[in-house]
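The lines below spell out each chain.
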Amino acid sequence: AWRGTMPMPERLLRVQVTSLGEAVGILLLVPVLLTVIAGSASPVRRARRAEALALHAINVVVSVVVFGGLLAPSMNAQSLPYALFPITFWAAFRLGVRDTAIALLIAGGTAVVCHSVGVGPFVMPGDTGASAFAHFASLYLFLAVLTITSLLAAAVQSEGERAQAEVRQSEQRYRMLIERMNEGVNITDADARMTFV
């Protein structure tokens, strides 16, 4: 249907934006599937569960307000989407990869649905044809940046926590080994100074 009616640059733009949209969809869905299906949620105390529920509730409200266009007439609409960064980084640093992925899926899904019905900070009045697709590209690029930075922060945080847990476990094994020995232990450095007795 496109062949005879659409100029080649507009066709190319549609292919590029559609491909970008597919990539963002994968970025939003795959982490949720990998973490939820694999059951990689760490055992969370009640306080953390309550914190996760509060985070997701706040995320839904902020996403609807930002992408639903509720504040657009009274505020600078272009800066509104950045309100999601503190929420996703809260999830990344406090709750882990799984809750970060869920928060990103909520925000991204809300953004795409609102944008597709013609509301939100990435929709400009009078958008038609190529310009509407260009604004979809802006939305997808924003979601890609939000998703990649938040997931990287969550991965770095969880890797740091895992490394600290391994160090604590290694220290505990070492301490237990030394305390249960029947003989004396003496550790010296390269200059023959005693560092541990």
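This is a predicted model, so every value here is computed, not measured.

Talk me through helix α5 (residues 97–116); I want residue IDs and the actual numbers.
With 20 residues, α5 should cover 28 Å at 1.5 Å per step; its first-to-last C-alpha distance of 28 Å lies within 8% of that length. Restricting attention to buried positions, one finds in α5 the residues Asp-99, Thr-100, Ala-101, Ala-103, Leu-104, Ala-107, Gly-108, Thr-110, Ala-111, Cys-114 and His-115. Looking at the residues trailing α5, positive phi occurs at Gly-118, about 95°.

Explain helix α4 (residues 84–95) to me, using residue names and the numbers behind them.
The end-to-end C-alpha distance of α4, which contains twelve residues, comes to 16 Å, matching closely the 16 Å that a straight helix rising 1.5 Å per residue would cover. For α4, every residue scored as buried is listed here: Leu-84, Phe-85, Ile-87, Thr-88, Ala-91, Ala-92 and Leu-95. Just past α4, the residue Gly-96 takes up positive phi, approximately 105°.

Please provide a residue-by-residue account of the environment of Gly-25, values included.
Structurally, the position occupied by Gly-25 is in helix α2 (residues 8–37). Accessibility expressed as a relative area gives 24% for Gly-25, which makes it partly exposed. For the pair Gly-25 and Ala-144, spaced 119 residues apart in the sequence, the C-alpha separation amounts to 9.2 Å.

Run through the packing of α4 against α5, naming residues and quoting values.
Packing of α4 against α5 leaves a shortest axis separation of 7 Å and a crossing angle of 160°. As summarised for this structure, α4 and α5 are arranged roughly antiparallel, according to the angle between their axes. In terms of crossing hand, the pair formed by α4 and α5 is right-handed. In this structure, α4 contributes Leu-84, Thr-88, Ala-91, Ala-92 and Leu-95 to the contact, and α5 contributes Val-97, Asp-99, Thr-100, Leu-104 and Ala-107.

Just give me the short version of unusual backbone geometry, but keep the residues and values in it.
A positive phi angle, near 65°, is found at Ala-192, a position not held by glycine. Judged by relative accessible area, Ala-192 falls into the exposed class, the value being 62%.

I'd like to hear about the side chain of Ser-63, residue by residue, with values.
Inspection of the secondary structure assignment puts Ser-63 in helix α3 (residues 46–67). Ser-63 gets classed as buried once you look at its relative accessible area, which sits at 0%. At a separation of 2.8 Å, a polar atom in the side chain of Ser-63 contacts the main-chain carbonyl oxygen of Asn-59. Residues within four places of Ser-63 in sequence aside, it is in contact with Gly-68, Leu-84, Ala-107 and Thr-110.

About the thresholds
- Residues numbered from 1 in each chain as written.
- Predicted model: local features only at pLDDT ≥ 70, side-chain atom pairs only at ≥ 80, totals over all residues.
- Heavy atoms only, no water.
- Helix = DSSP H or I, 4+ residues; strand = E, 2+ residues; numbered from the N terminus.
- Expected span 1.5 Å × (residues − 1).
- Buried < 20%, exposed > 50% of the residue type's maximum accessible area, 1.4 Å probe, protein only.
- Axes fitted to C-alpha atoms, helices over the stretch in contact; angles between N-to-C directions.
- Parallel < 35°, antiparallel > 145°, perpendicular 65-115°, else oblique.
- Left-handed = near helix turned anticlockwise from the far one by under 90°.
- Contact = heavy atoms within 4.5 Å.
- Polar contact = N/O pair within 3.5 Å; in protein donor to acceptor, adjacent residues only side chain to side chain.

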